[in-house]
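# What the coordinates show
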Amino acid sequence: MNESHAKKECVVTGVAGFVGSHLAERLLAMGHTVVGVDNFFSGRLHNIASFREHPNFSFCRADVREQNLLDRLKRAHPGLKYCFHLAAIVSVPYSMDYPDRTMEINYQATVRLLGEADRLGFTAFIFAGSAAEYGDDQRTPLLEGYATERTRHLSPYGRSKFLASKQVESSLRGASLRFFNIYGPRQDPGSQYSGVISRFTDAAAKGRPLTILGDGQQTRDFVYVADVVDAYILAAGLKGKNGAMPRGIYNIGTGKSTTILELAEAIKRACDNNSGLKFLPERPGDIRHSLAAVDKFRDTAGWEPRVDLPDGLRHTLNFEST
Ligand SMILES: NC(=O)c1ccc[n+]([C@@H]2O[C@H](COP(=O)([O-])OP(=O)(O)OC[C@H]3O[C@@H](n4cnc5c(N)ncnc54)[C@H](O)[C@@H]3O)[C@@H](O)[C@H]2O)c1
């Protein structure tokens, strides 16, 4: 059997979150074993409800700042070889209020987990990076090399992700996936970070006006969560060219830019929402344009996003209404 098709044992931190729950679900569907870690800081129990009782899933309520967390997990699950590290402070405003805690969780805990994974002989350590690592860089599209020590990060969130990604890049078994704006089912519309799509779909479905911060001409690169999960699977070498594992830092976006106004209109149409738009002042610190250069991961791993925005919105809205 091709090595990449053998069943693997994986840790997913942040499993009760939006992306972590989708990743765990896919790994289980592929026949792999998942040990999910979360402390429910922003995650929800109902996100893991669909696979909580799966025979190949175990849950460990823990904080990723715990010393020797991977040692503890490996004692109970000696076959663990893959670490998908998604747990993080994801709220930019929270990171401004609590910069030290953000650094501890997003950066220091990542360095520690990476060291443990190295010492324990893990095969892969895949980190959730972020477009926020590019700070106020307005070049489009953003190439991976643009984020450097000289980048002006707009928040402790962006800075912590940048420092962690660089550390992961310098390791033997690490890859950092720099996500642009992820959207899809289970994204929490109540979270400050949650992204405009979940806030818009929530308001539209309730028949309320959609609130736009600024003039709506800001652009973002929206990537559907199933495509993000595909990227994870390729980055870990669990599929693709002989299970080869890309190493380093890779942007994960679509390479397509959408204005916030276009997005609002598309969601209003899809929900038959006639409540209009409400404009409020732009949030200080928000960047105007953000667009991924996507060639590096495509050329290295053969990844292509498969779900376009209209389809992704349809899936998201259908899910929310069930
Ligand atoms: N959603 C996006 O658009 C996006 C974009 C760029 C990067 N990312 C990154 O992807 C990852 C997943 O994001 P998400 O959107 O699923 O967010 P999320 O808030 O839904 O998930 C994060 C999870 O981490 C958990 N967590 C937080 N602190 C923890 C700690 N100390 N110990 C254990 N668990 C902890 C939370 O409870 C939550 O379940 C994050 O690292 C985030 O920075 C997300």
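Let us look at the structure shown here. (Residues numbered from 1 in each chain as written. Predicted model: local features only at pLDDT ≥ 70, side-chain atom pairs only at ≥ 80, totals over all residues. Heavy atoms only, no water.)

## Here's the deal with the overall build of the protein
Within the protein, the secondary structure is distributed over 10 helices and 13 strands. Against the globule reference of 20 Å for 322 residues, the protein gives a C-alpha radius of gyration of 19 Å, in line with a compact fold. Taking the principal axes of the C-alpha coordinates as reference, the protein spans close to 55 × 45 × 40 Å. In the protein, buried positions account for 52% of the 322 residues. Taking the intrachain contacts of the protein between residues at least 6 apart in sequence as the baseline, contacts between residues at least 24 apart amount to 79%. Taking the average place of the 40 positive charges on the side chains of the protein and the average place of its 36 negative ones, the gap between the two points comes to 3 Å. (Helix = DSSP H or I, 4+ residues; strand = E, 2+ residues; numbered from the N terminus. Rg over C-alpha atoms; globule rule 2.2 N^0.38 Å. Buried < 20%, exposed > 50% of the residue type's maximum accessible area, 1.4 Å probe, protein only. Contact = heavy atoms within 4.5 Å. Lys, Arg positive; Asp, Glu negative; His and termini not counted. Charge placed at Lys NZ, Arg CZ, Asp CG, Glu CD.)

## Description of the site of the ligand
By nearness alone, 29 residues border the ligand, and Asp 38, Ser 42, Leu 86, Tyr 157 and Lys 161 come closest of all. The separation between a nitrogen atom of the ligand and a polar side-chain atom of Asp 63 is 3.0 Å. Contact with the protein chains hides 96% of the accessible area of the ligand, taken as 820 Å² for the molecule alone. Every element with two or more residues in the shell around the ligand is listed here: α1 (18-29), β5 (124-130), α5 (156-169) and β7 (181-183). Ranked by the residues each element gives to the shell around the ligand, the list is headed by β5, at three residues. Residues that form the shell around the ligand fall into these classes: 18 nonpolar, eight polar and three charged. (Near = heavy atom within 4 Å. Polar contact = N/O pair within 3.5 Å; in protein donor to acceptor, adjacent residues only side chain to side chain. Areas by Shrake-Rupley, 256 points an atom, 1.4 Å probe, with all protein chains shown as cover. Nonpolar A, V, L, I, M, F, W, Y, C, P; charged D, E, K, R; others polar.)

## Examining the pairing of strand β2 (residues 33-38)
β2 sits mainly inside the fold: five of its six residues count as buried. Of the pairings in the sheet, the one linking strand β1 (residues 9-13) to β2 comprises five bridges and is parallel in character. Looking at β2, one finds that Val 12 is bridged to Gly 36. As for the winding sense of the linkage, the β-α-β connection from β1 through α1 to β2 is right-handed. Pairing analysis gives five bridges linking β2 to strand β3 (residues 57-61), with the strands arranged parallel. The residue of β3 that forms the bridge with Val 37 is Cys 60. (Pairing = 2+ DSSP bridges. Right-handed = clockwise from strand over helix to strand, strands pointing away.)

## Section: the pattern of salt bridges
One pass over the structure, following the stated rule, counts 21 salt bridges. For Asp 63, the salt bridge goes to Arg 65, with nearest N and O atoms at 2.8 Å. According to the relative accessible area criterion, Asp 63 is partly exposed, its value standing at 23%. Residue Arg 65 is classed as partly exposed on the basis of its relative accessible area of 30%. Put simply, Asp 71 and Arg 119 hold a salt bridge, and the shortest N to O gap is 2.9 Å. Of this pair, Asp 71 sits in helix α2 (residues 69-76) while Arg 119 sits in helix α4 (residues 99-119), and the two are 48 residues apart along the sequence. (Salt bridge = Lys/Arg side-chain N within 4 Å of Asp/Glu carboxyl O.)

## What about the layout of surface pockets?
Empty space within the second largest pocket amounts to approximately 190 Å³. Taken together, 13 residues form the lining of the second largest pocket, with Thr 254, Lys 256, Val 307, Asp 308 and Leu 309 sitting closest to its centre. For the lining of the second largest pocket, the secondary-structure elements that each account for two or more residues are β10 (222-224) and α10 (309-320). Per-element tally for the lining of the second largest pocket: the top contributor is β10, with three residues. Of the residues belonging to the lining of the second largest pocket, the class tally is eight nonpolar, two polar and three charged. (1 Å grid on protein atoms, 1.4 Å probe; cavity = no way out; pocket = protein on both sides within 12 Å on 5 of 7 lines; lining within 4 Å. Points joined across faces, edges and corners; volume = space filled by probe spheres on them.)

## Things to note about the sheet that holds β3
Strand order in this open sheet of seven strands is β3-β2-β1-β4-β5-β6-β11, and the pairing throughout is parallel. The open sheet has two edge strands, β3 and β11 (248-252), and neither has a second partner. With strand direction ignored, the average angle separating the axes of adjacent strands in the sheet is 20 degrees. Taken strand by strand, α5 contacts β5, β6 (174-179) and β11, and its axis lies near 150 degrees from that of β5. (Axes fitted to C-alpha atoms, helices over the stretch in contact; angles between N-to-C directions.)

## Regarding the packing of aromatic side chains
For the structure shown, the criterion picks out 11 aromatic pairs. Ring geometry for Phe 40 against Phe 59: centres 5.4 Å apart, planes inclined by 40 degrees, an arrangement best described as tilted. Of the two residues, Phe 40 sits in the loop between β2 and β3 while Phe 59 sits in strand β3, which places them 19 residues apart along the sequence. Note on Phe 179 and Tyr 232: the rings are 5.5 Å apart at their centroids and 50 degrees apart in plane angle, and the pair reads as tilted. With a gap of 53 residues between them, Phe 179 in strand β6 and Tyr 232 in helix α7 (residues 225-235) connect regions that are remote in the sequence. The same class applies to Phe 179 as to Tyr 232, namely buried. Each member of the aromatic cluster is reached from another via a ring pair, and the members are Phe 41, Tyr 94 and Tyr 98. Here Lys 296 stacks its cationic end above the ring of Tyr 250, 4.8 Å away from the centre of that ring. (Phe/Tyr/Trp six-rings, centres within 6.5 Å; stacked < 30°, edge-to-face > 60°. Lys NZ or Arg CZ within 6 Å of the ring centre and 35° of its normal.)

## As for the side chain of Ser 91
Structurally, Ser 91 can be placed in the loop between β4 (80-85) and α3 (92-97). A polar contact of 3.0 Å, which involves the side chain of Ser 91, links it to the backbone nitrogen of Tyr 94.

As far as function goes, none of this settles anything; it's purely spatial.
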